[in-house]
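# Report on the structure
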Protein chains: 2
Amino acid sequence: MNSDLDRILSANSIAIIGASNNPAKRGYQAVKKLLEDRFAGSIYPINPKTPEVLGLKAYASVLDVADDIDMALVCTPAKTLPDVLADCGKKGIAGIVALAAGFNEIGAEGGTLTAACIEAARVNNVRIVGPNTNGVFNLHNRMNLVGVNDIEPGHIGIVSQSGNMLVAFTTEANRRGGPGFSTYAGVGNQLDIRFNEYLEYFGNDESTKVPVFYIEGFKNGRHFLDVCREVCQKKPVVIYKSGRTEAGRIAAVSHTGALAGRFNLTRDLLRQAGATVIEQSDRILSVAEGLGKLPTTCGDRVAILADGGGHAAIATDALIENGLTLATLSDDTRKRLKEILPQSAASQNPIDVAGGTDNNPDLFARCACILLEDENIDNLMIVGMYGGYAERFNEDLLNAEVETSERVVALAKRFGKPLIVQSVYNATQPEPEPIKVLKKSGIPVFVWPEPAAQCMAELVRYSKSKERIAASPLIEPGSPMEEAIAIIENVQFEKRDSLYEFEARDLLGAYGIAVPPCIVVRSHADLGTMCGESSANPMAMKIISQDILHKTDADCVRLKVSGASSLSANFEEILENAKSYDADARIEGVLVSPMAQSGVEVIIGVIHDPIFGPVVMFGLGGVYVEALEDVSFRALPMSKADAREMVKDVQSPRFRDRGVIKSRAALLYTAI
Amino acid sequence: MNSDLDRILSANSIAIIGASNNPAKRGYQAVKKLLEDRFAGSIYPINPKTPEVLGLKAYASVLDVADDIDMALVCTPAKTLPDVLADCGKKGIAGIVALAAGFNEIGAEGGTLTAACIEAARVNNVRIVGPNTNGVFNLHNRMNLVGVNDIEPGHIGIVSQSGNMLVAFTTEANRRGGPGFSTYAGVGNQLDIRFNEYLEYFGNDESTKVPVFYIEGFKNGRHFLDVCREVCQKKPVVIYKSGRTEAGRIAAVSHTGALAGRFNLTRDLLRQAGATVIEQSDRILSVAEGLGKLPTTCGDRVAILADGGGHAAIATDALIENGLTLATLSDDTRKRLKEILPQSAASQNPIDVAGGTDNNPDLFARCACILLEDENIDNLMIVGMYGGYAERFNEDLLNAEVETSERVVALAKRFGKPLIVQSVYNATQPEPEPIKVLKKSGIPVFVWPEPAAQCMAELVRYSKSKERIAASPLIEPGSPMEEAIAIIENVQFEKRDSLYEFEARDLLGAYGIAVPPCIVVRSHADLGTMCGESSANPMAMKIISQDILHKTDADCVRLKVSGASSLSANFEEILENAKSYDADARIEGVLVSPMAQSGVEVIIGVIHDPIFGPVVMFGLGGVYVEALEDVSFRALPMSKADAREMVKDVQSPRFRDRGVIKSRAALLYTAI
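A few points on the structure. (Residues numbered from 1 in each chain as written. Chains lettered and ligands numbered in written order. Predicted model: local features only at pLDDT ≥ 70, side-chain atom pairs only at ≥ 80, totals over all residues. Heavy atoms only, no water.)

Here we take up the interface of chain A and chain B. Taken together, the contact pairs 66 residues of chain A with 68 residues of chain B. Taken together, both faces of the contact between chain A and chain B bury some 5200 Å²; the carbon and sulfur share is 56%. Looking at the side of chain A facing chain B, the largest losses of area belong to Asn-164, Arg-175 and Trp-448 of chain A, adding up to 13% of the total buried there. At the junction of chain A and chain B, the tally comes to four salt bridges. The partner of Asp-282 of chain B in a salt bridge is Arg-283 of chain A, and the shortest N-O contact between them spans 3.1 Å. Remark: the boundary between chain A and chain B carries 26 residue pairs in polar contact (both at pLDDT 80 or more). Those elements that place two or more of their residues in the side of chain A that touches chain B are α5 (163–176), α8 (246–256), α11 (309–321), α17 (449–471), α22 (623–628) and α24 (653–657) of chain A. Residues that form the side of chain A that touches chain B fall into these classes: 29 nonpolar, 21 polar and 16 charged. (Contact = heavy atoms within 4.5 Å. Buried area = accessible area lost by both parts, 1.4 Å probe. Salt bridge = Lys/Arg side-chain N within 4 Å of Asp/Glu carboxyl O. Polar contact = N/O pair within 3.5 Å; in protein donor to acceptor, adjacent residues only side chain to side chain. Helix = DSSP H or I, 4+ residues; strand = E, 2+ residues; numbered from the N terminus. Nonpolar A, V, L, I, M, F, W, Y, C, P; charged D, E, K, R; others polar.)

This is the structure we're talking about:
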């Protein structure tokens, strides 16, 4: 348990530094809101110029307060922060929430003050939320230190690098009747407390079922991944990362001065750590709400139960495009559906009730029961017009509809399978009672099929990730092999910054990766055994020179060479071409190696990412790297299951269709 | 003007066939709704069993009515339709709206009745909307023959193959305060009137600014494209086509029995014809509303004016991902912005006002004016928290905010540039007055940046398409060349179903497309001149046989062959390999041709699509065809501009980066 953040976000006593009697000031609004909401703890207005604020005794300094104080909301200007931190340290305050802007986000000018604050926080042992934040809240404690009203308490936690996103989420929730929120933290410039610590707090916070992060840039990406792996075993973590495009990255960076990395890499690594990464801001809240309500699922096979052919078709497209599978109904299921549905209804997936429910909503529950019993179905999605029968056809149907909703809720609980509803009538004014019953009983209801399908897809992904992380341990790196150390030391000794191909082959060989044999030929005599072999296995020949990186441009590559005379002739030619390409090039010799068998060329690389540290990359090699930009990333250390998924990630249909996935996955395990 | 559809959808007199006094029946509900809405024309209930319906005199048959009748809503069962059509024909009724189901959508059983109806409609000269439709409405005429209430009149027209989609659109409009609707037609099974005729009607309907189509399958795709090209010169046409995936296609087909084609082809062809194709059902209405309000635009350069760094970053990503360009502000614009914005605000695009508007909403209008004046900016997007200042900070700001909205509206009109607003406060309850002012004055307002960006992108696409279609005429095919006719006739004479490669080359050559020379070698003597040439230009050699299609598998291809002896040896080998591959193969000879220079391989093909007729395909050739499935389609005849866009469509970054677009476009012009 992170006790500092716990004392800040679940504070029993709060100082408002810069408390005020001026209604335009945050130091007034914060005190007023705490009083209005009947905050259960103690409130200490701090202001040397006034005896009281809104009826509460005001203190000149936190040091004048007799009782313990957990945290302080600091409403005073940026330049006061170092002194405030010193006082708070003396008082034993766990941390401050610093609203003021004017630190590193304004560039060099803010640098000195930023450094002073970091130092003051360290010396005085006081943690900082922000600065440049719009505040924090914990609605279950009735502590709302953000200037945003009308927020329903609930189970979504928010951590955001943009205060506006909180307003976006809460107004969206009001607009469509949920979800509610637990705790919010505006991270501001992350001078001290960073995303990983907030995530740790939310992992342990029982009021929060789904922590949601709006992230512009990480300051400690590697720690975040580590925490995320653990928290995702307990609850889903939903992340929106802005700055997917170069222009968006620049916009994000200029906002809070954080480092924004390459998006594809960030997304892959966050998903490796079990996080749910959403790429459209208008889908964040609905996915989070759905994940918070639904049980994890055993698979990706979905049955669609539709009132309306249009919605059945749209939902089908959306599910398939989200990577899910349309379940194949068992013969028994089809037979049982046929018995109760009208003749014109489809008894295959998607199942369209074809008006059969218009006068008989209960038919929905009966169909749902048959479908949930089918072992071929992992998840159920009800789409179309459910919940609007009384409104559309006959008011007398209302009771039957409400009962149907209750039965559907009970069925979802009984079978423990995820059940999502999409209804045109969701969030209408007034909202039909059958929809309300579903929503308040934990069934996610969506207006359109696409967000419903996306929510289902993210649930499947989260369920699989959770299982993968639990089942497949990270492979910790062993000590380097002696041969490998020798190769690298020699390269360093020769002051080169890259390996020769024969060294790279030896390095791979040292770790047990099969590579074709090769020899370094420095004279005709060296060709020796290769001459005989080359009649059966033609050879590849390449110049070895640290000064000739583009060997083909220098015409220093020969392929499929066979026979002693041809080998000799090509050896000479390569050396000559190398000299005419660059007379000063240092020539090590010519590499001769049997041609490899043809296959799918892949690329495996390791980069040191400034945000996440060592990261492995995998993708199609050769011309495909350039043509497809189709690579997948994982943080190291990784697990065997990560390697397997990484190969599946590679999108190209060519790659998928040729059934090479298995062999490549094996190669990748060996490589790591 | 399509006068039949005009008499149906803008009817002055309506017969309700199967009118009823039973409130559960559509024949009651329809009459009641017309009376309630005070339909201005005449209503004739038809029912032989009752003297009156809802106080109106009822007739036994339409033939008993003395006055003219424009159209009939038919509420009676499917089997009555042939007789109903006969009566209507005698009466001179232009068309019927047939609600009943039970025709071709139920398969073979419905076939006889379907055929009878088609014949009755033809013989009696009566048009059919449907059958299997939920009806039609024309709200500006106060004619609502659909069982859906609470629809606001407005400028969106709907044509849908799913009745539920109408409910989805109208409830969505109610949920977020617009748009309103003009006319609706549920096309049902399209037995008679098809999408192209509805589109023609909407093209001429002055109440409709944007016709919106929900399409599962076309029955006459080619005509639709032709009409679409014309209508798009007058107004945007928005289309959602379901059945993008194979499973979705099956779901769509089983719904109304229509033929659903390949989606990528359909999308490309609709866009060629100027249509706006939306792929997410939850975005249809917002895009349509936006396109209906905005003027066309001169370009794709967008300035973002943001209150809130988070929304600025999200909007930037969304714009770029939608293919738009972030405008580069002129130096003058930056200077002028700097003068009025706070020091911490960014005076580059996106422009974040950084709190500068919190007490001074008018700053927004001043910034907007500066940006709209900049010639480097084609479109303006305002994002973030605009409209919520009074609510968030101080009620006294309300007047200033409303005035700002009025100024923004006036600026948009003055400069004639598209202006879109995204505000967190849109569609909240109660909705802030400044937002209302924007919306009612023709500024589209969105809740989230993504749909706003998509709307902007579709506006840019529509504006360009409209211009392209107006400026670049279709190239009508000329008469076939005599050489080409001779080649094809010979192939037919030999009863082959494919051309030999040398014939294909000759065919291309006949139309002036440069191809490498080639000869057909049947004996060593034929090699003749090629031997000398081959030392400078190595040759490619391939078997010519109608029985050997996979030449490489048969080892009947040789590349880079040079020198007389090598040519001869390879000629022999190819013939031998062909015989051992298939002893009975009919061998025409060996094709010998100089190796082509290396370049980007492309594929150009023509297919006869069952829905749209002749369609040309263009994409990356060779392994890329398979790896990328990266092809673009256009209906023939096409224009030069179509050819140019087709090449740009090809998504591969490899393709784009290498600057080959121009030369490929030239090739494509020649090819068509």
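Turning our attention to the environment of Ala-641 of chain B. All names here are of chain B. Here Ala-641 lies in helix α23 (residues 640–649). The exposure class assigned to Ala-641 is buried, which follows from its relative accessible area of 10%. Not counting residues up to four positions away in its chain, the partners in contact with Ala-641 are Arg-468 and Ser-472. (Buried < 20%, exposed > 50% of the residue type's maximum accessible area, 1.4 Å probe, protein only.)

This next bit is on the packing of aromatic side chains. Enumeration according to the criterion identifies 24 aromatic pairs over all chains in this entry. Ring plane angle 80° and centroid distance 5.1 Å describe the contact between Phe-364 of chain A and Tyr-386 of chain A, whose orientation is recorded as edge-to-face. Placement of Phe-364 of chain A in helix α13 (residues 362–373) and of Tyr-386 of chain A in the loop between β18 (379–384) and α14 (389–392) is noted, with a sequence separation of 22 residues between them. Note on accessibility: Phe-364 of chain A and Tyr-386 of chain A belong to one class, buried. When the centroid spacing of 5.4 Å and the interplanar angle of 80° are considered together, the rings of Phe-213 of chain B and Phe-224 of chain B count as edge-to-face. Of this pair, Phe-213 of chain B sits in strand β12 (residues 210–215) while Phe-224 of chain B is found in helix α7 (residues 221–231), placing the two residues 11 residues apart along the sequence. Each member of the pair, Phe-213 of chain B together with Phe-224 of chain B, is buried. One aromatic cluster is present, built from ring pairs that chain together Phe-195, Phe-213, Phe-218, Phe-224 and Phe-612 of chain A. Against the face of Tyr-59 of chain A rests Lys-57 of chain A, its NZ or CZ located 4.8 Å from the ring centre. (Phe/Tyr/Trp six-rings, centres within 6.5 Å; stacked < 30°, edge-to-face > 60°. Lys NZ or Arg CZ within 6 Å of the ring centre and 35° of its normal.)

Mapping chain A onto chain B leaves a residual RMSD of 0.1 Å; the transformation is a rotation of 180° accompanied by 0.1 Å of translation along its axis. Expressed as a symmetry operation, the mapping of one chain copy onto the other fits a two-fold axis. The share of interface residues of chain A whose copies in chain B are also at the interface is 100%, consistent with both copies meeting through the same surface. (Least-squares fit on C-alpha atoms with pLDDT ≥ 70 in both.)

Residue and element names in this part refer to chain B. Ordered by their spatial adjacency, seven strands build an open sheet running β9-β8-β11-β10-β12-β13-β14, and the pairing between neighbours is mixed. Whereas interior strands pair on both sides, the edge strands pair on one side only; in this sheet they are β9 (143–144) and β14 (276–278). Bridge count between strand β10 (residues 153–160) and strand β11 (residues 181–186): five bridges; the pairing is parallel. Following the sheet pairing, Ser-160 is matched in β11 by Gly-186. (Pairing = 2+ DSSP bridges.)

Turning our eyes to something else, we now look at the packing of helix α10 (residues 284–293) of chain B against helix α17 (residues 449–471) of chain B. Residue and element names in this part refer to chain B. The N-to-C vectors of α10 and α17 enclose an angle of 50°; their axes lie 9 Å apart at closest approach. As judged from the angle between their axes, α10 and α17 are oblique. Remark: the crossing between α10 and α17 carries right-handed chirality. Only Pro-451, Gln-454, Cys-455, Glu-458 and Leu-459 of α17 make contact with α10, whose side of the interface consists of Ser-286, Val-287, Gly-290 and Leu-291. For the contact of α10 with α17, the per-class residue count stands at five nonpolar, three polar and one charged. (Axes fitted to C-alpha atoms, helices over the stretch in contact; angles between N-to-C directions. Parallel < 35°, antiparallel > 145°, perpendicular 65-115°, else oblique. Left-handed = near helix turned anticlockwise from the far one by under 90°.)

Note that all results are geometric; they support no functional claim without further evidence.
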